[in-house]
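Single-letter residue listing:
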Amino acid sequence: QQPVQSPQAVILREGEDAVINCSSSKALYSVHWYRQKHGEAPVFLMILLKGGEQKGHEKISASFNEKKQQSSLYLTASQLSYSGTYFCGTDPVDDKIIFGKGTRLHILP
Amino acid sequence: DTGVSQNPRHKITKRGQNVTFRCDPISEHNRLYWYRQTLGQGPEFLTYFQNEAQLEKSRLLSDRFSAERPKGSFSTLEIQRTEQGDSAMYLCASSQGAGNTIYFGEGSWLTVV
């Protein structure tokens, strides 16, 4: 039931792009993306509802393929502040969110 | 609009002692969630409430854990007879209804020695 995230870790140089994937074995009602910095609580990035929509927030966007039960988070022209661990959370039945194990992103200057 | 508030932020306790954490959700939010997070892992679902009703409790959750939300506002999470394996960050989150964004508090760190 826990979604699977890939890759587990990414190291980038500032300005490079990254893609983080999230897949579920169950049909999904929604997908939620969060970023967490060391020692802090997860911070909400975006929510995607079933329907295959894509959302964007400045240089961070995400897509949701309902049929494939997959979502991807796109980080464009990464900045140092993007470093952290990214979690996807999936909600199969409009109920509670179950989180993946996370993808650690490290941006080098 | 204040965010989700948790206290205490840090707790060190001896094995076998009981601990209680409190969570004050965002005021208009009717759903409240408890998660546990250990180093290198994602938040693990523990339980959640809609108003004062506890709708689900994780099957992985020991009977030593109990949560309440007596008036549908704040919530408490109690851990009885703590064990070293209970050491973790306990996160509270809230949302307005189902299928909406959940907002996390800053977490309560528990260290059992």
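In what follows, the structure referred to is the one given above.
Residues numbered from 1 in each chain as written. Chains lettered and ligands numbered in written order. Predicted model: local features only at pLDDT ≥ 70, side-chain atom pairs only at ≥ 80, totals over all residues. Heavy atoms only, no water.

Draft legend 1. Highlighting the environment of F65(B). All names here are of chain B. Here F65 shows up in strand β7 (residues 65-68). Since its relative accessible area comes to 2%, F65 is described here as buried. Sequence separation between F65 and F49 is 16 residues, and the spatial gap between their C-alpha atoms is 15 Å. When sequence neighbours within four positions are dropped, the list of residues in contact with F65 reads R36, K57, E78, I79, D86 and Y90. (Helix = DSSP H or I, 4+ residues; strand = E, 2+ residues; numbered from the N terminus. Buried < 20%, exposed > 50% of the residue type's maximum accessible area, 1.4 Å probe, protein only. Contact = heavy atoms within 4.5 Å.)

Draft legend 2. Just the side chain of R64(B), in detail. Residues and elements named next belong to chain B. Mapped onto the fold, R64 is located in the loop between β6 (53-57) and β7. For R64, a relative accessible area of 9% corresponds to the buried category. At 3.5 Å, the side chain of R64 and the side chain of E83 are in polar contact. Beyond its immediate chain neighbours, meaning those up to four positions away, R64 contacts E78, I79, Q80, R81, T82, E83 and D86. (Polar contact = N/O pair within 3.5 Å; in protein donor to acceptor, adjacent residues only side chain to side chain.)

Draft legend 3. Structural view of the interface of chain B and chain A. Of the residues lining the interface, 22 residues belong to chain B; the matching set on chain A comes to 21 residues. At the boundary of chain B with chain A, total buried surface from both sides reaches about 1,600 Å², with 57% on carbon and sulfur atoms. Considering only the surface of chain B that becomes buried against chain A, G99(B), T101(B) and F104(B) emerge as the three largest contributors, covering 25% of it. For the pair chain B and chain A, the number of links is 1 salt bridge. With its nearest N and O atoms 2.9 Å apart, the salt bridge here joins E56(B) to K96(A). Where chain B packs against chain A, one counts 4 residue pairs in polar contact (both at pLDDT 80 or more). When contributions to the side of chain B that touches chain A are tallied by element, the ones reaching two or more residues are β4 (31-37), β5 (44-50) and β9 (88-95) of chain B. Its residues assigned to classes, the side of chain B that touches chain A shows 11 nonpolar, 8 polar and 3 charged. (Buried area = accessible area lost by both parts, 1.4 Å probe. Salt bridge = Lys/Arg side-chain N within 4 Å of Asp/Glu carboxyl O. Nonpolar A, V, L, I, M, F, W, Y, C, P; charged D, E, K, R; others polar.)

Draft legend 4. Summary view of the sheet that holds strand β8 (residues 75-79) of chain B. All names here are of chain B. A sheet is described by the order of its strands in space; here 4 strands give the open sequence β1-β3-β8-β7, paired in antiparallel fashion. Two strands in the sheet have a free side with no partner beyond their single neighbour: β1 (5-7) and β7. The average undirected angle you get between the axes of adjacent strands in this sheet is 15°. Pairing between strand β3 (residues 19-24) and β8: 5 bridges, direction antiparallel. Looking at the pairing, R22 lines up with T76 of β8. (Pairing = 2+ DSSP bridges. Axes fitted to C-alpha atoms, helices over the stretch in contact; angles between N-to-C directions.)

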